[in-house]
Amino acid sequence: MMKQIIPLAFLLLISCSQSNKKDDARVTSALTFVNNYIKIDASSPEDLEAWFKSSNLVTESFKTAYKRVIDKGWEMDSELGLGFDPVINGQDRPDEGYELDYINDKDNYVFLKGKGQEQFKLAVKVIKKDNNWLVDGSGIVNMQ
């Protein structure tokens, strides 16, 4: 009897810490940010940086971390920079954008997948600030 209870308790613990609530404000913030971000011309670093700077969907610490990662990439390679997009942690983007995969309720990480292209996976960190959920990390930027 005890052997049956332990796996059941483990499954309940896992299901309590993850969810896929599509109407969650954290999901809305993450999806709005990422799907708007990937619409910008990825071949124009200036456009990406300007959009990022003006975004009211992200925290100041995310903006600072993004700038630091981009600048470091240009320092390492003055012609190519990083060679990939640090916000999506890749070179390619899903054609139709991202959708919710699941949420880690404990840590406020929203996990996304490409619409119809599930090989595109992305973790987004959100925090609540002044009653709004803001993106505080994505891809490799500010995700510690």
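The structure displayed is predicted, hence computed values, not measured ones.

A look at unusual backbone geometry
A positive phi is found at D130, a non-glycine position, where the angle reads about 55°. Position of D130 among the secondary structure elements: in the loop between strand 4 (117-129) and strand 5 (132-138). The exposure class assigned to D130 is exposed, which follows from its relative accessible area of 69%. The backbone of N131 shows a phi angle near 70°, a positive value even though the residue is not glycine. On the secondary structure map, N131 appears in the loop between strand 4 and strand 5.

Concerning the packing of helix 2 (residues 25-37) against helix 3 (residues 45-54)
Contact geometry for helix 2 and helix 3: axes closest at 11 Å, N-to-C directions at 155°. Classified by the angle their axes make, helix 2 and helix 3 are roughly antiparallel. At the point where helix 2 passes helix 3, the crossing takes the right-handed sense. From helix 2, F33, N36 and Y37 reach across to helix 3, where they touch L48, W51 and F52. A breakdown of the residues in the contact of helix 2 with helix 3 according to their chemical character gives 5 nonpolar, 1 polar and no charged.

Observations concerning the packing of helix 3 against helix 4 (residues 60-76)
For the pair helix 3 and helix 4, the least separation of the axes is 10 Å and the interaxial angle reads 160°. As judged from the angle between their axes, helix 3 and helix 4 are roughly antiparallel. Here helix 3 and helix 4 pass one another in a crossing that is left-handed. Residues P45, L48, E49, F52, K53 and S54 of helix 3 form the contact with helix 4, whose own contacting residues are F62, K63, Y66, K67 and W74. In the contact of helix 3 with helix 4, the residues fall into 6 nonpolar, 1 polar and 4 charged.

Some points on the nonpolar core
Grouped burial of nonpolar side chains is what soluble globular proteins tend to show. F33 and Y98 are the most contacted members of the largest nonpolar core, which totals 30 residues. Breaking this core down by element, the ones donating at least two residues are helix 2, helix 3, helix 4, strand 2 (98-104), strand 3 (109-114), strand 4 and strand 5. Those residues in contact with Y98 that lie beyond four places of it in its chain are L31, V34, N35, I38, I88, L112, K113, G114, K115, F120 and L122.

So, the side chain of D24
Of note, D24 is situated in the loop between strand 1 (18-19) and helix 2. The exposure class of D24 is buried, given its relative accessible area of 13%. Here R26 takes part through its side chain, which lies 2.6 Å from a polar atom of the side chain of D24.

A few points about the packing of aromatic side chains
What characterises a pair of aromatic rings is the spacing of the ring centres plus the angle enclosed by the ring planes. Using the criterion set out here, one finds 10 aromatic pairs in the structure. Summarising the aromatic geometry, the rings of F33 and W51 are spaced 5.6 Å apart at their centres and angled 35° between planes, so their arrangement reads as tilted. Placement of F33 in helix 2 and of W51 in helix 3 is noted, with a sequence separation of 18 residues between them. Under the relative-accessibility criterion, F33 is labelled buried at 0%. Residues F33 and F62 carry aromatic rings whose centres are separated by 5.9 Å and whose planes lie at 65° to one another, so their mutual orientation is edge-to-face. Taken together, the residues span a long stretch of sequence, with F33 in helix 2 and F62 in helix 4 at a distance of 29 residues. A single burial state applies to F33 and to F62, both of which are buried. Through successive ring pairs, a cluster of aromatic residues spans F33, Y37, W51, F52, F62 and Y66. One residue, R26, lies across the ring of W133, its end atom 5.8 Å from the ring centre.

Reading the values: the criteria
Residues numbered from 1 in each chain as written. Predicted model: local features only at pLDDT ≥ 70, side-chain atom pairs only at ≥ 80, totals over all residues. Heavy atoms only, no water. Helix = DSSP H or I, 4+ residues; strand = E, 2+ residues; numbered from the N terminus. Buried < 20%, exposed > 50% of the residue type's maximum accessible area, 1.4 Å probe, protein only. Axes fitted to C-alpha atoms, helices over the stretch in contact; angles between N-to-C directions. Parallel < 35°, antiparallel > 145°, perpendicular 65-115°, else oblique. Left-handed = near helix turned anticlockwise from the far one by under 90°. Contact = heavy atoms within 4.5 Å. Nonpolar A, V, L, I, M, F, W, Y, C, P; charged D, E, K, R; others polar. Core = buried A, V, L, I, M, F, W, Y, C linked by side-chain atoms within 4.5 Å. Polar contact = N/O pair within 3.5 Å; in protein donor to acceptor, adjacent residues only side chain to side chain. Phe/Tyr/Trp six-rings, centres within 6.5 Å; stacked < 30°, edge-to-face > 60°. Lys NZ or Arg CZ within 6 Å of the ring centre and 35° of its normal.

Read these as spatial facts, not as claims about activity.
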